[in-house]
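Examining the three-dimensional arrangement
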Amino acid sequence: MDASEPVSESRAARRAAREERRRNPILPPMATERRFTVVVATAVLAGLLAVGTVADHALGAAAVAWIGLALAWGWPELLGSTSRFGSSFAIGIAGVLGPVTVALTPDEPYLRHVPVVVAAAVLAMFLHQLVRKDGRPRLTQSVAAGAAGIAIATIGVGWVPLGRTSGGTEVVVVAAIALAVSAAADLAAGLDRVRPWMVGIAIGLGFFAGGISGLVVDEVGVLAGVVIGAVAGGVAHVMRRVLCVLPPIRGLRGQLTAAAASVLVTGVPVGVLATIFVG
């Protein structure tokens, strides 16, 4: 055999290499950078959601719609979609019409018309793909990015009914505080020793913030507060960490989009937990 000819790895060697990468993953540089804008934007958007919901359920729906617009504005660019306008338009349909529809639904179940909005958003996404005249490069990636954005915007609609149910407004306040406090865990990205524990730190911060808030807000209570806070903080942090490896995250639009996605993606989990623990 020629000495210059590459030697193929054995199956055992490839398996060992995979195990080593699993135990000691090599993160891209973006994942090891602190992003203060994301932390601040998450806290601001969570505060906007809480203030709007406390003021009136229609203003809470408007806050969710604004966050949905922020998602639609930057999501296609963040995920590298080749049809940014069409994807933004479809995500905007779900992000704006979803909360508006729920706010205008007169009685329970308030979410009963949301599937119609989702169908309209998906239809708009595919119709745009059909009329594109650029050859539709990376079509699958573009459709996947649009569908993911629609899904996150739809999940965010779960915040809106809480403003119209007993104890729901207080749940939004507790969850928003947990989201704002747990976002501080993102600042540990630049610390090598702390970075592997970031998810646990986010859950812990949400746990304590939710518990203290629940202690103050009698309608929620400590038990519901710690559960809602831990889940909201953990889910939101995971969403941001998933997006932090994408190159556009270094820009202002990408960071605002990541913050908006992390707030919206907690809508349904918090809504379900509110139904279980608060009623």
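Heads up: these notes are all about the structure in this document.

Calculation rules
- Along every chain, residues carry numbers that run from 1 in the direction the sequence is written.
- Given that this is a predicted model, residues contribute local features only at a pLDDT of at least 70 and side-chain atom pairs are listed and counted only at 80 or more, while totals for whole chains, interfaces and linings are drawn from all residues.
- Note that the side-chain values use all heavy atoms of the structure and ignore hydrogens as well as water.
- Only the contacting stretch of a helix is used when fitting its axis, a line to C-alpha atoms as for every element, and angles between N-to-C directions run 0 to 180 degrees.
- Here a helix means four or more residues in a row that DSSP labels H or I, a strand means two or more in a row labelled E, and each is numbered from the N terminus.
- Oblique is the label for any angle not covered by the other classes, which are roughly parallel (under 35 degrees), roughly antiparallel (over 145) and roughly perpendicular (65 to 115).
- Whether a crossing is left-handed or right-handed is set by the direction in which the near helix is turned from the far one by less than a right angle, anticlockwise for left-handed and clockwise for right-handed.
- Contacts: residue pairs with any heavy atoms within 4.5 Å of one another.
- The classification used treats Ala, Val, Leu, Ile, Met, Phe, Trp, Tyr, Cys and Pro as nonpolar, Asp, Glu, Lys and Arg as charged, and all other residues, Gly among them, as polar.
- Only the six-membered ring of Trp is used, alongside the rings of Phe and Tyr, when aromatic pairs are assigned; centres must lie within 6.5 Å, and planes under 30 degrees apart are stacked while those over 60 apart are edge-to-face, with the rest tilted.
- Exposed residues in this analysis have more than 50% of their type's maximum accessible area, buried residues have under 20%, and partly exposed residues fall in between, with area computed by a 1.4 Å probe over protein chains only.
- In this text, buried Ala, Val, Leu, Ile, Met, Phe, Trp, Tyr and Cys residues form a nonpolar core when linked through side-chain atoms within 4.5 Å.
- A pair is scored as a salt bridge if a Lys or Arg side-chain nitrogen falls within 4 Å of a carboxyl oxygen belonging to Asp or Glu.

Re the packing of helix α5 (residues 114-131) against helix α6 (residues 139-156)
Two elements in contact, α5 and α6, have axes separated by 11 Å at closest approach and are oriented at 160°. Relative to α6, the element α5 is oriented roughly antiparallel. The handedness of the crossing between α5 and α6 comes out as right-handed. On α6, the residues that touch Val114, Val118, Ala121, Val122, Met125, Phe126 and Gln129 of α5 are Leu139, Ser142, Val143, Gly146, Ala147, Ile150 and Thr154. Within the contact of α5 with α6, the residues separate by chemical class into 10 nonpolar, four polar and no charged.

Considering the packing of aromatic side chains
The tally for this structure, following the rule as stated, stands at two aromatic pairs. Here the aromatic rings of Phe85 and Phe89 are separated by 6.4 Å at their centres, their planes lie at 15°, and the arrangement is stacked. Remark: Phe89 and Phe85 occur in helix α4 (residues 84-104); sequence separation between them is four residues, near one turn of the helix. Take Phe89: its relative accessible area is 48%, and that puts it in the partly exposed class. Taken together, a centroid distance of 5.4 Å and an interplanar angle of 80° make the contact between Phe207 and Phe208 edge-to-face. Relative accessible area serves as the criterion here: at 37%, Phe207 is assigned to the partly exposed category.

Describing the nonpolar core
Ranked by size, the top nonpolar core spans 56 residues in total, and within it Leu71, Trp75, Trp159 and Val270 carry the most contacts. Broken down by element, the residue count for this core peaks at seven residues, all from helix α3 (residues 57-78).

With respect to the pattern of salt bridges
Per the counting criterion, the structure on display carries six salt bridges. Linking Glu33 and Arg35 is a salt bridge whose minimum nitrogen-to-oxygen distance equals 2.8 Å. On the accessibility criterion, Arg35 (10% relative accessible area) is buried. The residue Arg195 makes a salt bridge to Asp192 at a minimum N-O spacing of 2.7 Å. Taking relative accessible area as the criterion, Arg195 reaches 15% and is therefore assigned buried. One salt-bridge network, in which partners are shared between bridges, spans Glu33, Arg35 and Arg250.

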